[in-house]
Amino acid sequence: MSVRRFISILLKEYRHILREPRTLWMVFLSPAFVLVALSAIFTSGSSRIDLALWDQDRTPLSRQFAGTLSSDADFSIGHVSDYEEIEGLLVERRIDAAVIIPPGFADTVQRGDTASVQVILDGVDTLIAGQATGSLLGHAAHFGLALSRQLSLPSVPLQIHPRSAYLPNEAERDSMIPGLVPIVFSLPVIAAALALARERETGSLEALIATPVRGLEFLGGKLIAYVSAALGGLLPVWLVATVLFGIPLRGSPVLLVALAADFLLASVGMALFIGNLVRSQQAATVIALFVFFVPGFFLAGLIDPIDTTDLASTIFSYALPSTHFVTICRALFLKGATLTEIWQPALALLVLSAVWLGLGALTFRKRMH
Amino acid sequence: MRDILHRTWGLVVKEILLLSRDRLLLGFVLLGPLLELLLMGGLTGGGVQNLPLAVVDLDRTRFSRELVTRLDQTDELFVKTYADSVAQAREWMQSGQISVIVVVPPSYGEALTAPQQSAEVQVVADGSNHVVSTVAIATTEDVAAEIVQDLAARQAVASGGPVELRFVARFNEFLDDRPHAITAMLGLIVYQVTLIIASQSFTRERELGTLEQLRVTPLGRLELIAGKALPTLLIGLVDCLLMTGVIVVWFDIPVRGSMLLLLLMTIPFVLAQIGWGTLISLVSRTQQQALLFVFALAMLEVAMSGFMVPAGDMPGVMRVLSTVSSVQHYLVIVRGVMLRGAGVKSLWLSGLALGGIALTLSALAWLRLRLGLDTNSLRRRLQVLWRNYQDSRHERKARRGADKTGGRGGKKPKLTREPAYADVRVEIGD
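Rules behind the numbers
Residues numbered from 1 in each chain as written. Chains lettered and ligands numbered in written order. Predicted model: local features only at pLDDT ≥ 70, side-chain atom pairs only at ≥ 80, totals over all residues. Heavy atoms only, no water. Helix = DSSP H or I, 4+ residues; strand = E, 2+ residues; numbered from the N terminus. Areas by Shrake-Rupley, 256 points an atom, 1.4 Å probe, with all protein chains shown as cover. Contact = heavy atoms within 4.5 Å. Buried area = accessible area lost by both parts, 1.4 Å probe. Salt bridge = Lys/Arg side-chain N within 4 Å of Asp/Glu carboxyl O. Polar contact = N/O pair within 3.5 Å; in protein donor to acceptor, adjacent residues only side chain to side chain. Buried < 20%, exposed > 50% of the residue type's maximum accessible area, 1.4 Å probe, protein only. 1 Å grid on protein atoms, 1.4 Å probe; cavity = no way out; pocket = protein on both sides within 12 Å on 5 of 7 lines; lining within 4 Å. Points joined across faces, edges and corners; volume = space filled by probe spheres on them. Nonpolar A, V, L, I, M, F, W, Y, C, P; charged D, E, K, R; others polar. Core = buried A, V, L, I, M, F, W, Y, C linked by side-chain atoms within 4.5 Å. pLDDT = per-residue confidence, 0-100. Pairing = 2+ DSSP bridges. Axes fitted to C-alpha atoms, helices over the stretch in contact; angles between N-to-C directions. Parallel < 35°, antiparallel > 145°, perpendicular 65-115°, else oblique. Left-handed = near helix turned anticlockwise from the far one by under 90°. Patch = residues over 30% accessible without salt bridge, like charges linked within 9 Å, V, L, I, M, F, W, Y side chains within 5 Å. Lys, Arg positive; Asp, Glu negative; His and termini not counted. Charge placed at Lys NZ, Arg CZ, Asp CG, Glu CD. Phe/Tyr/Trp six-rings, centres within 6.5 Å; stacked < 30°, edge-to-face > 60°. Lys NZ or Arg CZ within 6 Å of the ring centre and 35° of its normal.

**Concerning the overall build of chain A**
Point 1. What chain A contains, in helices and strands, is 17 helices and five strands.
Point 2. Carbon together with sulfur atoms contributes 62% to the accessible area of chain A, which is approximately 14,500 Å² in total.

Laid out in structure tokens, this is it:
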């Protein structure tokens, strides 16, 4: 291992990145750009539920029940008058749920019996269906109680005061943005895999074989060049999060940079390992996207938390560097966590970077096939 | 016509041969989607389950215990631990050991049963994951509604009885999370495979220097695009079909609508990706750049696809932008056909949108190809046009000057005209 040769490889890689404005932009600025694009879709408000209401009873009481529903700002209510219409609206995704007040609703209630109100949910998006179920149940319970305590004040016997810790206004955006940070860094990481596959494909690796550069120096130069370039991209990302979206970094910036470097080492190590396996850039791209892109959304705990009850799911999720970095970014940005509180994911990243870098170094052969 | 078919076919065969030589790539293109779908479909889709809950019970009565038991019985929550104070529970949340805190106030039982009072339970959910906090809050609200319902039933007086809601979930009887997630994966996987293959087509040739050779063949522009597009289209359709098979057989999610409709709608979707890919491969100089463009585009499309946030809930600008996202329309179609059993009647608009996007992109790709394959040639052409324009202005000015001075004097402008276009042009036909 010679420092001079390592540095010359490093400089060569920097020149590759710097000489093409497009590559430079993509490696250095793209994380911030992608973060803006991904974050712009989240509003700071809560989502609305589109409801179709079919009042078959048409009595003051049924209208009163409908009134309690329409008083909820989360519902946007349209009136319908037959099943076919409801079915059509459901198939066309125009409504999330339909509420059908049966004929004789008022009579049944006034007789002292239980009136059944039918709710037809669109079951496809279960998160929305769950939200609709929760609010509708709440309204029905309160309505029933108000009736049963007709003369007394209809105070609610049980009130839930929900609060989201760390998120004062419950904005979905605020919780998503730190979680998206690992995904936006996939671009510079995949660029590293491609840089390696490219040398192989265009034959310049063959030229390097003839030089005294050793495998490790070559790999190390590539690694450090891409990790440091991507780490530079953390600054614009941090600016976007704090200045543009107003999410302050509550934790220590030094810790963020250190752990980001750790995350990038692990990811670029993984990318170099992929780059070693393949012969063409096309193959490297396909594999890298399979490994970094879709799993980044589904497995890294970004949306659904990791299902720790399932062993296979746990293993796969924890083998991805992004999983740990999602946890770290959320803890650092939103919770203001210190190293003692997030030592587990931090340690996991360290282990992963050692494993992936080791695999990358072991599989690298300084020769043609 | 026969010549055109013949030439295009030749290019298709060449592309397929090239693909079949790279075994690893071929395997990933054909089996990768299946593996990924199996893996991810098997691993995710459990939904939010067993969120760890800490209870701060300051009441310690039979009522508070009933509340805790009911919370524990839900699928979404499980009571992991009891805390003595909120501060202690907050510490556990800070280190990520628990996701939800339920604080039962002292005299909760009393307030619950007294007619004029109301018991107030505080729920603190870990907002650093929005899905977690939404689900946790909705679940506790469900439980509270149940308790109120029971209470109302117990207290029911002659004058009135409670209202009961009967829920029916259409399309997904047991509110299983998997169909929603798996259909999204199907769309995203077809998307990424076709877009990558299409985007590397011209760039690869350029980088390896074989583009020059293609340019001197009698292949026309449209033939060139068609020859590159057909294998990708084939791969997209085969992948879609294979993955649908896996979804039906392995995940037991039936296709309620017409499979033919789904495949037909997949064609414009893949064509749109080919359009994007061709455009990208025509403006990038290296495959690395092409990939980077692809990735930035894919991020935007995925963001707007309605997979993370329903398109209707997005802020205004993004909602408008999302209408040009082909993934968004495709997911609507996939979910419509597979889960809702929707037909042409309710999907024609999305299909039309896909067709429009595909057509526009293909037209752009054709135009870009018309300008020459070299990435520099666009700039060069514009420079030449600009110079020609200035030359002609000089000329006119000079002529006017010459007219005024009666044909004498007036320096003749120096005309440095280059040939308007020096590239080897690729023309259609003979």
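Anyway, onward from the coordinates.
**Regarding the interface of chain B and chain A**
Point 1. Chain B puts 120 residues into the contact, and the matching count from chain A is 120 residues.
Point 2. Here chain B and chain A share an interface that buries about 11,400 Å² over both sides, 65% of which is from carbon and sulfur atoms.
Point 3. Of the charged contacts in the structure, one is a salt bridge between B:Arg340 and A:Asp122, with a shortest N-O distance of 2.7 Å.
Point 4. Viewed at the interface, chain A and chain B are joined by seven residue pairs in polar contact (both at pLDDT 80 or more).
Point 5. Ranked by the residues each element gives to the side of chain B that touches chain A, the list is headed by helix H7 (residues 130-155) of chain B, at 18 residues.

**Comments concerning the pattern of salt bridges**
Point 1. The tally for this structure, following the rule as stated, stands at 13 salt bridges over all chains.
Point 2. A:Lys335 is the salt-bridge partner of B:Asp126, the closest N and O atoms lying 3.2 Å from each other. Of this pair, B:Asp126 sits in strand S4 (residues 119-126) while A:Lys335 sits in helix H16 (residues 321-335), each in a different chain.
Point 3. The exposure class assigned to B:Asp126 is buried, which follows from its relative accessible area of 8%.
Point 4. The shortest N-O distance in the salt bridge between B:Glu15 and B:Lys228 comes to 2.7 Å. Taken together, the positions of B:Glu15 in helix H1 (residues 2-21) and B:Lys228 in helix H10 (residues 221-249) put the pair 213 residues apart, joining distant regions of the chain. B:Lys228 shares its class with B:Glu15; the two are buried.

**Examining empty space enclosed by the protein**
Point 1. Under the counting rule described, the total for this entry stands at seven cavities of 30 Å³ or more.
Point 2. Here the largest cavity is characterised by a volume of approximately 200 Å³.
Point 3. What lines the largest cavity is a set of 16 residues, among which A:Gln282, B:Glu15, B:Leu18, B:Leu19 and B:Ile197 lie closest to the centre.
Point 4. Going through the elements one at a time, H1, helix H8 (178-208) and H10 of chain B are the ones with two or more residues in the lining of the largest cavity.
Point 5. Its residues assigned to classes, the lining of the largest cavity shows seven nonpolar, four polar and five charged.

**Some remarks on the side chain of B:Thr8**
Point 1. Counting through the fold element by element, B:Thr8 comes out in helix H1.
Point 2. Leave out the neighbours within four places in its chain, and B:Thr8 touches B:Leu219, B:Glu223, B:Ala226 and B:Gly227.

**Some points on the nonpolar core**
Point 1. In this structure, A:Phe297 and A:Phe298 are the most contacted members of the largest nonpolar core, which totals 165 residues.
Point 2. Considering each element in turn, this core owes the most residues, 14 residues, to H8(B).
Point 3. Grouped together as the second largest cluster of nonpolar side chains are 28 residues, B:Val48, B:Leu67, B:Ala119 and B:Leu151 included.

**Overview of the confidence of the model for chain A**
Point 1. Of all residues in chain A, 90% attain a pLDDT of 70 or more, and the chain-wide mean is 82.
Point 2. Mean pLDDT across the secondary structure elements of chain A bottoms out at strand S5 (residues 158-165) of chain A, with 68, and peaks at strand S3 (residues 97-101) of chain A, with 91.

**Focus on the confidence of the model for chain B**
Residue and element names in this part refer to chain B.
Point 1. Summing up the model confidence of chain B, the mean pLDDT is 80 and the portion of residues at 70 or higher is 87%.
Point 2. The model gives residues 157-161 a pLDDT under 50, and that stretch makes 14 contacts with residues more than four places away or in other chains.
Point 3. The model gives residues 419-430 a pLDDT under 50, and that stretch makes 25 contacts with residues more than four places away or in other chains.
Point 4. Scored as a complex, the prediction yields pTM 0.75 and ipTM 0.75.

**A word on the pairing of strand S4 (residues 115-122) of chain A**
Residue and element names in this part refer to chain A.
Point 1. The buried fraction of S4 is high, at six of eight residues.
Point 2. Bridging between S3 and S4 involves four bridges; their strand directions are antiparallel. Bridge pairing in S4 places Ala 98 opposite Ile 120.

**Some details on the packing of helix H8 (residues 186-202) of chain A against helix H13 (residues 281-292) of chain A**
How two helices sit against one another is set out by the angle between their axes and by the gap between those axes.
Residues and elements named next belong to chain A.
Point 1. Contact geometry for H8 and H13: axes closest at 9 Å, N-to-C directions at 155°. It follows from the interaxial angle that H8 and H13 lie roughly antiparallel. The handedness of the crossing between H8 and H13 is right-handed. Touching Ser 186, Val 189, Ile 190, Leu 194, Ala 197, Arg 198 and Glu 201 of H8 are Gln 281, Ala 284, Thr 285, Ala 288, Leu 289 and Phe 292, all from H13.
Point 2. For the contact of H8 with H13, a count of residues per class yields eight nonpolar, three polar and two charged.

**Notes on a positive patch on the surface**
Point 1. There is a patch of like positive charges on the surface, built from B:Arg393, B:Arg396, B:Lys397 and B:Arg400.
Point 2. For B:Arg400, the location among the structural elements is in helix H16 (residues 377-404).

**Some remarks on the packing of aromatic side chains**
Point 1. Scanning all chains against the criterion turns up eight aromatic pairs over all chains.
Point 2. The interplanar angle of 35° and the centroid separation of 6.4 Å between the aromatic rings of B:Tyr191 and B:Phe269 together place this pair among those described as tilted. Within this pair, whereas B:Tyr191 is found in helix H8, its partner B:Phe269 is found in helix H11 (residues 259-283), the two being separated by 78 residues in sequence.
Point 3. The structure contains a cluster of three or more aromatic residues connected by ring pairs, namely A:Phe65, A:Phe105 and A:Phe143.
Point 4. A cation sits over an aromatic face here: B:Arg62 above B:Phe63, 4.4 Å from the ring centre.

**Here we look at the packing of H10(B) against H11(B)**
Residue and element names in this part refer to chain B.
Point 1. Relative orientation of the contacting elements H10 and H11 amounts to 140°, with a least axis distance of 9 Å. The angle between H10 and H11 falls in the class oblique. The hand of the H10/H11 crossing is right-handed. The residues of H11 that touch H10, namely those facing Ala 229, Thr 232, Leu 233, Gly 236, Leu 237, Cys 240, Leu 241 and Thr 244, are Met 259, Leu 262, Leu 263, Thr 266, Ile 267, Val 270, Leu 271 and Ile 274.
Point 2. For the contact of H10 with H11, the residue count by class is 12 nonpolar, four polar and no charged.

**Describing a nonpolar patch on the surface**
Residues and elements named next belong to chain A.
Point 1. On the surface, a cluster of nonpolar side chains totalling about 490 Å² of accessible area is made up of Leu 18, Leu 24, Trp 25, Phe 28, Leu 29 and Phe 33.
Point 2. No other element matches the five residues that helix H2 (residues 21-39) contributes to the nonpolar patch.
Point 3. Counting through the fold element by element, Trp 25 comes out in helix H2.

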